[in-house]
Amino acid sequence: MLRYTLNRLASLVLSLALASVAIFFVIEVVPGDPASYMLGINAQPDTVAALSAELGLDQPRLERYFSWISGMLTGDFGTSYTYRTPVAQMVADRLWITVPLALYALVLSLLVAFPAGIYAAARRGKPGDTVVMGATQLGVAVPNFWFAMFLVLIFAIRFRWFNAGGFPGWDDGIGAGLWALTLPAIALALPQGAILARVMRSALIDVLGQDFMRTARAKGLTRRQALWRHALRNAMIPVLTIIGMQFSFLVAGTIIIEQVFYLPGLGRLIFQSISARDLIVVESVIMLIVFAVIAINFLVDLAYAWVDPRLRSRT
């Protein structure tokens, strides 16, 4: 188990190193100079050069890359070109919106997907299975921003149960904050829950056809007992993979959803920073999101070893 963990940890470090190189140099080659953008089209060349020197944009790209990486390792993400505020502070202020939103959406998708997937697998080929698969097909086909606009039209404008956008702040109470995040979380959760339900159904159907399941039934277990005691745990490996991947989809989805609901989270920060050519903010926020995704995948790999003892025996 120790060797397995160390191998996965080495893969995590390598992935982060490659991701940092790709993020920095891809963003750096995007057309447009931040200094020229900030000063406007009528700015004098010497003024643009002075601002570039002040922001450190006149340094070689390789030197700027290593300066950026070394700063991130010590918790210094640099200073925003536009707001002249430490990026770490900007990220910290917005994490309290994006992370609860992503976790809220993940919980909702699990609450929908697990019962739906298990129900469909237990009733394979029956009307209940057909209804569930039809609903999940719709959830997969429709993008989350369409769900967001539909939810706003119905529950915010028509029934006025929720606000159409904005966030009151956690100072008003956890209940008020979660209430404001409910519609965005549902919009994010529906497509991911549909995908997870289909994966859950397929994995369970595959396991239910295995020899050990027939043996369990032959020993006197009912179909329900065999499903809950044996099939569910053995079907969890592909499901865990999707759950780990969903976190990245949910965080990426907040870029659009936070725009629809006007939420001051990381997604909206990325959008605003791209519009303002605030490269240091874009690079740092995307790198943090990549780190979160890779870390979640690392934890999923460890969960594999816990669920499947065969992985532990190979290490």
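Above this text is the structure in question.
Not measured: the values here are computed from a predicted model.

**A closer look at the packing of helix α7 (residues 144-158) against helix α8 (residues 174-208)**
Interhelical geometry of α7 versus α8 gives an angle of 140 degrees and a closest axis separation of 8 Å. It follows from the interaxial angle that α7 and α8 lie oblique. Remark: the crossing between α7 and α8 carries right-handed chirality. Facing Asn-144, Phe-147, Ala-148, Leu-151 and Phe-155 of α7, the residues of α8 in contact are Leu-183, Ile-186, Ala-187, Leu-188, Leu-190 and Pro-191. Grouping the amino acids of the contact of α7 with α8 by side-chain chemistry returns 10 nonpolar, one polar and no charged.

**Description of the nonpolar core**
Core analysis: the biggest nonpolar cluster contains 76 residues, and Trp-68, Met-200, Leu-204, Phe-261, Leu-263 and Val-285 have the highest contact counts within it. The greatest single-element share of this core, amounting to 14 residues, is contributed by α8. Not counting the four nearest positions on each side in its chain, Met-200 is found in contact with Gly-117, Ile-118, Leu-232, Met-236 and Val-239.

**Description of unusual backbone geometry**
The backbone of Arg-84 shows a phi angle near 55 degrees, a positive value even though the residue is not glycine. Secondary-structure assignment places Arg-84 in the loop between α4 (61-73) and α5 (87-122). Overall, the relative accessible area of 43% leaves Arg-84 in the partly exposed class. Even without being a glycine, Arg-160 presents a positive backbone phi close to 60 degrees. Its place among the elements puts Arg-160 in the loop between α7 and α8. On the basis of relative accessibility, which here comes to 68%, the residue Arg-160 falls in the exposed class.

Cut-offs applied
- Residues numbered from 1 in each chain as written.
- Predicted model: local features only at pLDDT ≥ 70, side-chain atom pairs only at ≥ 80, totals over all residues.
- Heavy atoms only, no water.
- Axes fitted to C-alpha atoms, helices over the stretch in contact; angles between N-to-C directions.
- Helix = DSSP H or I, 4+ residues; strand = E, 2+ residues; numbered from the N terminus.
- Parallel < 35°, antiparallel > 145°, perpendicular 65-115°, else oblique.
- Left-handed = near helix turned anticlockwise from the far one by under 90°.
- Contact = heavy atoms within 4.5 Å.
- Nonpolar A, V, L, I, M, F, W, Y, C, P; charged D, E, K, R; others polar.
- Core = buried A, V, L, I, M, F, W, Y, C linked by side-chain atoms within 4.5 Å.
- Buried < 20%, exposed > 50% of the residue type's maximum accessible area, 1.4 Å probe, protein only.

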